[in-house]
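# Coordinates in review
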Amino acid sequence: MKKSFQADTLQLGVCYYPEHWPESLWEDDYRRMRDLGISVIRVAEFAWTIFEPEEGIFSFQLFDKALDLAHRYGLSVVFGTPTATPPAWLTHKYPEVLNVRRDGVQYQHGQRRHYNYNAPIYRELSARVVTKLAEHYRHHPAIIGWQIDNEINCETNVFYSEADHEAFRKWLKQRYQTLDALNRAWGTVFWSQTYTAWEQVHLSRPTVSNSPNPHQLLDENRFISDSAISYVKLQADILHRVAPHHFVTTNGLFGHLDSHKMTQEALDFLSYDSYPNFATIWPDEGPLPLLDRKWSWSLSVVRDISPNFWVMEQQAGPGGWVNRMAAPSPKPGQLRLWTYQSIAHGADVVSYFRWRTATMGTEIYWHGIHDYSNLPNRRTAEVQRVGDEFARVGGLIAGSTYVAKVGILRDYANEWDGEFDEWYGPLARRSEAAWFKSLQHHHIPVDAVYLQTDTTAAHLKQYQVLVWPHAAILSDETATLLTEYVSQGGSLVFGCRTGYKDETGQCPMRPMPGPVAKVCGVEVADFTLIDKRHPGTPLFWVAEMGDGETYADGFNDILRLSAPDTEVLARYRSTWYEGEPALTRRRVGLGTAYYYGAAFNYDVVASMLGILELKSPADGILDLPRDVELAIRHQSKTTESFWFLLNYADTPQTINVRQPYQDLLSNQTLQGSVAIEPHGVVILRR
Ligand code: GAL
């Protein structure tokens, strides 16, 4: 059962730092928050020195006052545990709590997240400050919940302190029991890496040409995730015990962290921090970049963990640190658009980062709703507009959930292994992006679907189509589950490099695609990397696609049919494997399995949508231009659906509404040709 936030209405929040401002500003800040429609504040996540100025001496005065006043203004509070920023006295006295780089250099005080999860004294001091805070604030009438730490595994997601090496050994002993088993799992016979005593075993350390043992690295990432989860659980258990009437969450999605497991084991739901203007710093590759719209994919991942969630930090201004990450201001309308992007994907509370831009420190260029001047501006006006809209329509939408008939499959093992493995990791990222972009442009809502140990065929069955672009690591159990999904009527699509690794990242001696060769009815007879020096081989579409042509990118598996009923839908058209199968289909039970021998690109996906008979739910109802996203939330209480139409373009976009529908936001009936303003939003009620 997924863990979701339960809300009666949509709410707006804001991240607020009373410790950054003179007390004389607080009251005016709270009054103006209420005027804008903001009802929640998130506080305290970096304030450890305020609560514990000296070791073991606790002080709550500043936040007592700030919270009492917030309560007088009817604001609810999410309280952040302050462990992302250990005080100077702590790291000075206990330097073993500091994180260390792979090359052995220790991080020092001066930024944040400079600690490690495994130093016993850090765990002890964290547990103590969290207990003190929970005991002190458990009955505060303003508090509704807790955020643990801030952005677990942000800033860095690798840890090499002595405490981590030590804990890794323990973790490995538990996983493998014997050194023999560890040596087998890591294939240490290769290059004489065999361990003969546990003390010789470490997390990866600097190696010649920076090329550590890949199986060790995969376990290292699993270990980092487990360490982070155990640290979050340490805090969550205290909060749940001392303040059982409050919710417990944490914010963000970061690397080397199984956020599904973390939420299941420790939290009440996951929260996310959404900064769509990172797209201006790291734009997506390929034609027609999605830019800020790409955040819809990250929101889809959050939704797979908690169908209804919080956005704890929603970008509310231009972004930048003093020395890095300079991003432009959100254009007029974008702040509202991004708020509804989060809502469309399942958020029920959106909290802006931050109320006012910091006037000191690393983030003086990371702007909040207000600039340094503290005067109303176009961003406050946008928040006000959203606040008014939430007051009118929030009760209808809250608790409804996103609807999709297509899923892109993922799992953490492939994500973590593919990060290091250049033969498929980069393919996975580009193929996933191609599928997402193409589905977006065709107005076909899609879910991110993580395969977990408890995933069942019944869960997968809700999807008409599942795509797993490059599942290099694929166990027999997962293959059985996926075969069951196909036999029960699902369409399943694999790409090249499927099924050639086991859980350790080693390559079993059997023909690829390993455990799904049978259901696909193919074996990989030969293969080659297609990189920039050897541009994609033209692919010739046969059967349904007539004589369309596109490129088979990244990698080419040359397929041999291994079942009498495997059909060839496309063949390669040049080089030494001209005429060999590139795309196959096999009907199995009530469903169909597809194998495509290359990485997916935008054109290939567009052609496959036809083969898969995938249509937008808007087909025959709405005509939508490419720049408008369609997202649908269904309210089971009322059986109503809300169709979010989000215009990401700088220009008005015209849609055609074939039958009259009410737009919730403007409260008008729309029919025929309707223009959506630049960065505008429409929510049709159906
Ligand atoms: C988030 C973080 C905030 C703030 C913001 C802007 O990742 O949680 O504390 O740093 O980025 O940089």
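From a predicted model like this one, the values you see are computed outputs, not experimental measurements.

## Some words on the overall build of the chain
When its secondary structure is counted, the chain shows 18 helices and 28 strands. Taken over C-alpha atoms, the radius of gyration comes to 26 Å for the chain, in line with the 26 Å a tight globule of 686 residues would show. C-alpha atoms of the chain, sized along the principal axes, occupy 80 × 75 × 45 Å. Per-residue burial for the chain yields a buried fraction of 61% across its 686 residues. If you take every contact in the chain between residues at least 6 apart in sequence, the share linking residues at least 24 apart comes to 73%. Summed over its atoms, the accessible surface of the chain is roughly 26,700 Å², and 52% of this surface lies on carbon and sulfur atoms. Taking the average place of the 64 positive charges on the side chains of the chain and the average place of its 80 negative ones, the gap between the two points comes to 2 Å.

## Some points on the site of the ligand
Around the ligand, the neighbouring residues are Phe46, Arg112, Asn150, Glu151, Asp273, Tyr275, Glu313, Trp321, Phe353, Glu363 and Trp366. One of the side-chain nitrogen or oxygen atoms of arginine 112 is found 2.8 Å away from an oxygen atom of the ligand. In this structure, an oxygen atom belonging to the ligand sits 2.3 Å away from a side-chain N or O atom of glutamate 363. Coverage of the ligand by the protein chains reaches 93% of its 300 Å² of free accessible surface. Here the shell around the ligand is composed, by residue class, of five nonpolar, one polar and five charged.

## Focus: helix 9 (residues 259-266)
Buried within helix 9 we find Ser259, His260, Met262, Thr263 and Ala266. Contacts made by the buried residues of helix 9 are with helix 8 (214-242), helix 10 (295-305), helix 13 (412-418) and strand 13 (446-450). The N-cap of helix 9, judged by a side-chain oxygen 3.1 Å from the amide nitrogen of histidine 260 a few residues on, is aspartate 258.

## A few points about the domain arrangement of the chain
Domain annotation for the chain reports domain 1 (11-160 + 227-399), domain 2 (406-611) and domain 3 (622-685). A straight line from the C-alpha centre of domain 2 to that of domain 3 covers 34 Å. In this assembly, five residues from domain 2 lie in contact with six residues from domain 3. Carbon and sulfur atoms make up 58% of the surface buried where domain 2 meets domain 3, a total of about 510 Å² over both sides. Taken together, the links from domain 2 to domain 3 amount to zero salt bridges. For the interface between domain 2 and domain 3, the tally reads three residue pairs in polar contact (both at pLDDT 80 or more). Looking at the side of domain 2 that touches domain 3 residue by residue, the class counts come to two nonpolar, three polar and no charged.

## Details of the sheet that holds strand 2 (residues 38-43)
Strand order in the open sheet formed by eight strands is 5-4-3-2-1-10-7-6, with parallel pairing between adjacent strands. Whereas interior strands pair on both sides, the edge strands pair on one side only; in this sheet they are strand 5 (247-249) and strand 6 (271-274). Adjacent strand axes in the sheet meet at a mean angle of 25° when their direction is disregarded. As paired strands, strand 6 and strand 7 (residues 309-315) are joined by four bridges and run parallel to one another. For aspartate 273, the partnering residue across the bridge sits in strand 7 and is glutamate 313.

## A closer look at a nonpolar patch on the surface
Residues Val189, Phe190 and Trp191 make up a contiguous nonpolar surface patch of about 430 Å² in total accessible area. Structurally, the position occupied by valine 189 is in the loop between helix 7 (179-185) and helix 8.

## Description of the layout of surface pockets
Here the second largest pocket defines a volume of roughly 1,200 Å³. Lining the second largest pocket are 35 residues, with Asp258, Leu451, Gln452, Thr453 and Asp454 sitting closest to its centre. Of all elements in the fold, only helix 6 (162-176), helix 8, helix 9, helix 10, helix 13 and helix 16 (476-487) reach the threshold of two or more residues within the lining of the second largest pocket. The dominant element in the lining of the second largest pocket, judged by the number of residues it contributes, is helix 9, at five residues. Its residues assigned to classes, the lining of the second largest pocket comprises 12 nonpolar, 11 polar and 12 charged. Counting only domains with at least three residues in the lining of the second largest pocket, you end up with domain 1 (11-160 + 227-399) and domain 2 (406-611).

## Structural notes on the sheet that holds strand 20 (residues 567-572)
With mixed pairing, nine strands are arranged side by side in an open sheet as 13-12-14-15-22-21-20-17-18. Across the chains shown, the open sheet's two edge strands, defined by having one partner strand only, are strand 13 and strand 18 (549-552). Between one strand and the next, the sheet's axes are offset by a mean angle of 25°, whatever the strand orientation. In this sheet, strand 14 (residues 465-468) lies alongside strand 12 (residues 406-410) in parallel orientation, the contact comprising three bridges.

## Re the pattern of salt bridges
Within the structure shown, the criterion is met by 39 salt bridges. Taking the shortest distance from any N to any O, the salt bridge between aspartate 348 and arginine 633 comes out at 2.7 Å. Linking aspartate 348 in strand 10 (residues 347-353) with arginine 633 in strand 24 (residues 628-635), this pair joins segments that are 285 residues apart in sequence. Comparing aspartate 348 with arginine 633 shows no difference in burial state: the two are buried.

## A look at the packing of helix 5 (residues 120-137) against helix 8
Following both chains from N to C, one finds helix 5 and helix 8 inclined at 25°, their axes separated by 9 Å at the closest point. Between helix 5 and helix 8, the interaxial angle falls into the category roughly parallel. In the packing of helix 5 onto helix 8, the handedness of the crossing is right-handed. Contact residues: Tyr122, Arg123, Ser126, Ala127, Val130, Thr131, Ala134 and Glu135 in helix 5; Ser227, Ser230, Tyr231, Leu234, Gln235, Ile238, Leu239 and Val242 in helix 8.

## Some details on empty space enclosed by the protein
Enumeration according to the criterion identifies one cavity of 30 Å³ or more in this entry. Space inside the largest cavity adds up to approximately 40 Å³. Every residue lining the largest cavity is listed: Arg113, Tyr115, Tyr117, Cys154, Thr156 and Phe159. Each residue belonging to the lining of the largest cavity can be placed in one class, and the counts come to four nonpolar, one polar and one charged.

## Structural notes on helix 8
Relative to the 42 Å expected for 29 residues at 1.5 Å per residue, helix 8 spans 43 Å between its end C-alpha atoms, a close match to the ideal helical length. The buried count for helix 8 comes to 21 of 29 residues, which makes it a mostly enclosed element. Two to three positions downstream of the cap, the backbone nitrogen of histidine 215 sits 2.8 Å from a side-chain oxygen, assigning the N-cap of helix 8 to asparagine 213.

## Overview of the pairing of strand 7
Counting buried positions along strand 7 gives seven out of seven residues, so the element sits mostly inside the fold. As a crossover connection, the stretch from strand 6 through helix 10 into strand 7 is right-handed. By the bridge criterion, five bridges tie strand 7 to strand 10 in an arrangement that is parallel. When the bridges of strand 10 are listed, glutamine 314 appears paired with tyrosine 352.

## Let's talk about the environment of histidine 470
Tracing the backbone shows histidine 470 in the loop between strand 14 and helix 16. Given the relative accessible area of 3%, histidine 470 is considered buried. A sequence separation of 25 residues divides histidine 470 from glycine 495, and the C-alpha atoms of the two residues are 5.4 Å apart. When sequence neighbours within four positions are dropped, the list of residues in contact with histidine 470 reads Asn414, Tyr424, Leu427, Ala428, Ser431, Gly495, Cys496, Arg497, Thr498, Ala598, Ala599 and Phe600.

Calculation criteria
Residues numbered from 1 in each chain as written. Predicted model: local features only at pLDDT ≥ 70, side-chain atom pairs only at ≥ 80, totals over all residues. Heavy atoms only, no water. Helix = DSSP H or I, 4+ residues; strand = E, 2+ residues; numbered from the N terminus. Rg over C-alpha atoms; globule rule 2.2 N^0.38 Å. Buried < 20%, exposed > 50% of the residue type's maximum accessible area, 1.4 Å probe, protein only. Contact = heavy atoms within 4.5 Å. Areas by Shrake-Rupley, 256 points an atom, 1.4 Å probe, with all protein chains shown as cover. Lys, Arg positive; Asp, Glu negative; His and termini not counted. Charge placed at Lys NZ, Arg CZ, Asp CG, Glu CD. Near = heavy atom within 4 Å. Polar contact = N/O pair within 3.5 Å; in protein donor to acceptor, adjacent residues only side chain to side chain. Nonpolar A, V, L, I, M, F, W, Y, C, P; charged D, E, K, R; others polar. Domains from an automatic or database assignment. Buried area = accessible area lost by both parts, 1.4 Å probe. Salt bridge = Lys/Arg side-chain N within 4 Å of Asp/Glu carboxyl O. Pairing = 2+ DSSP bridges. Axes fitted to C-alpha atoms, helices over the stretch in contact; angles between N-to-C directions. Patch = residues over 30% accessible without salt bridge, like charges linked within 9 Å, V, L, I, M, F, W, Y side chains within 5 Å. 1 Å grid on protein atoms, 1.4 Å probe; cavity = no way out; pocket = protein on both sides within 12 Å on 5 of 7 lines; lining within 4 Å. Points joined across faces, edges and corners; volume = space filled by probe spheres on them. Parallel < 35°, antiparallel > 145°, perpendicular 65-115°, else oblique. Left-handed = near helix turned anticlockwise from the far one by under 90°. Expected span 1.5 Å × (residues − 1). Right-handed = clockwise from strand over helix to strand, strands pointing away.

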